[in-house]
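Coordinates in review
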Amino acid sequence: MKSMSNRLFLTFMLLLGTILAVLMIVIGQLFPVYIEQYNEQARLQMQESINQVLDERKIELSKEDREALNTVQNAEEQHLILPSVHARLYVVLVILFTIALIMIAIVSRYMIRNFTAPIDNVTETALELAKGNYRARAHENEQERMMPLSHSINILARNLQDITTIREVEEERLKTLIENMGSSLMMIGREGNISIVNRVFLERFGMQIDDVQGKVFRTIGLPKSLEQFIDHVFLTEMPYRQQIKMEVQQELYNKEVYGAPVIGDHGRWLGVVIVMHDITELVRLEQIRKDFVANVSHELRTPITSIKGFSETLLDGAYKDEKMLLSFLEIIYKESNRLQMLIQDLLELSKIEQHGFTVNIMSMGLQDVLIRGAELTGPRLDEKNMSFHVDIERDVEVMGDANRIIQIVTNLITNAITYSPENTTVTIRLKENEKYGIIEIEDQGIGIEKYEIARVFERFYRVDRARSRNSGGTGLGLAIVKHLVEAHHGRIQVDSEVGVGTKMIVMIPKN
């Protein structure tokens, strides 16, 4: 802020220069008066001196001669002396004026700088604070009169810095909390414009921040059920909670949505905040649990009812008929085997689903595993007059548990045989890519509808319940297969067309 001291200095010097100039003009105007008085005194003294000399020498002059002599003397003095005196006086005045002005300028410059420097420093500090630089500090000197002001400015700066630091920390915490919370969050202003959304919201709805920031919530393509929920919160201005089923990117999601008004200072209504918890998985697991309980009850009740019924019939006297006895005992044996298989599969699935289940990973070839799986399922294949088509160019080395992979292959081939008509072919392929060894089991069976593909790995889920139950299946085979593939850090895919067949693709990592 040097311009302030410069302006003050120039103003002071202009005022001082004006005063000095006026003083010089006054002196210049008074000078002739003083000269005339001086000349008059000098003339009188000169006349007295001339008269005294004439008297001493006894020179007789008339009165007219004496006056003429005095007049000539005065004219000569005015002609020779006065211009010289005028010139010298003006030179002296100019020199004195210049010297005085320079010295006053130097002293005033020093005094003004000492006086304005603390003010300039405080002003610069205040400007820096106004710009947001709360690290700026004013210079404090105990000998300066402006020290209290500088000290106060520094206290203000430190307080602002502390407040800003606390605010930045709180904002960072809030931002971290909002961005990393597992639920979708959206804050809407009182005019309906979206002010805040978090990363989870953008990911769930497939949007970018520029698509929603500052936009009216009705214009960004939210599901209608969610828009109705937001309208309800706006209208009632009360907290509200509801479970909503919505379609996002052609997928159905179950959301538990909570909305509440945002109230600012003095009860001012600022808008609403919407939080959405994704409970799709919880709803799905709850449905699976209900289905599991119902299916287990049904699967257990069927063989137990058969065993109990035929046993009661035998006890009532049917055992006397040897042919009927053998038939009933065969049915009881078959149902007991079915019950045993169901219990074994349940125990196996429970073991696999337990936390900490691992497989014995080691380097192995898939070709021998596929051949062994085909051998184990050969008798069932022959019962339906079906055949294998094996497409294996070369062996593929992977990291896996041979026994568990045999279990995977056996279950998949058994399923392919179960859901295929007689006189068809089951194709077994072995492929590889850079990361995986790939097993493909393809049948020519009934196929699977697209909406059912995502559920075929659920426990007790059957595409054709009658055919699967009649074949002796438990409905747990594919659930076991999926868990075993995931235990190998692999992947399983289904490619199916109704009436054409189904292809199961299992990918086991190479390393």
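Residues numbered from 1 in each chain as written. Predicted model: local features only at pLDDT ≥ 70, side-chain atom pairs only at ≥ 80, totals over all residues. Heavy atoms only, no water.

On to the overall build of the protein. Assigned secondary structure in the protein consists of 13 helices and twelve strands. Looking at the protein as a whole, 34% of its 511 residues qualify as buried. Across the protein, contacts joining residues at least 24 apart in sequence account for 60% of those joining residues at least 6 apart. (Helix = DSSP H or I, 4+ residues; strand = E, 2+ residues; numbered from the N terminus. Buried < 20%, exposed > 50% of the residue type's maximum accessible area, 1.4 Å probe, protein only. Contact = heavy atoms within 4.5 Å.)

The next subject is helix α13 (residues 477–487). Along α13, the residues classified as buried are Gly477, Leu478, Ala479, Ile480, Val481, Leu484 and Val485. A positive backbone phi angle near 60° is found at histidine 489, which sits one or two residues after α13.

Now for unusual backbone geometry. One non-glycine residue, asparagine 385, lies in the positive phi region at around 55°. Tracing the backbone shows asparagine 385 in the loop between α9 (366–383) and β7 (387–392). For asparagine 385, a relative accessible area of 54% puts it in the exposed group.

Counted according to the given criterion, the structure contains five aromatic pairs. On the basis of an interplanar angle of 35° and a centroid distance of 4.7 Å, the ring pair of phenylalanine 201 and phenylalanine 205 is categorised as tilted. Of this pair, phenylalanine 201 and phenylalanine 205 both sit in helix α4 (residues 199–205), four residues apart, which is roughly one turn of that helix. Residue phenylalanine 205 is classed as buried on the basis of its relative accessible area of 8%. In textbook terms, an aromatic cluster arises when at least three aromatic residues are bridged by ring pairs, as seen for Phe217, Phe234 and Trp269. (Phe/Tyr/Trp six-rings, centres within 6.5 Å; stacked < 30°, edge-to-face > 60°.)

With that out of the way, let us pick up the side chain of lysine 255. With respect to the helices and strands, lysine 255 occurs in strand β4 (residues 251–263). Despite its burial, lysine 255 pairs with no opposite charge, the nearest such side chain being aspartate 278 at 4.0 Å. Excluding anything up to four places from it in sequence, lysine 255 contacts Arg204, Gln242, Gln243, Ile244, Met246, Met276, His277, Asp278 and Ile279. (Lys, Arg positive; Asp, Glu negative; His and termini not counted. Salt bridge = Lys/Arg side-chain N within 4 Å of Asp/Glu carboxyl O.)

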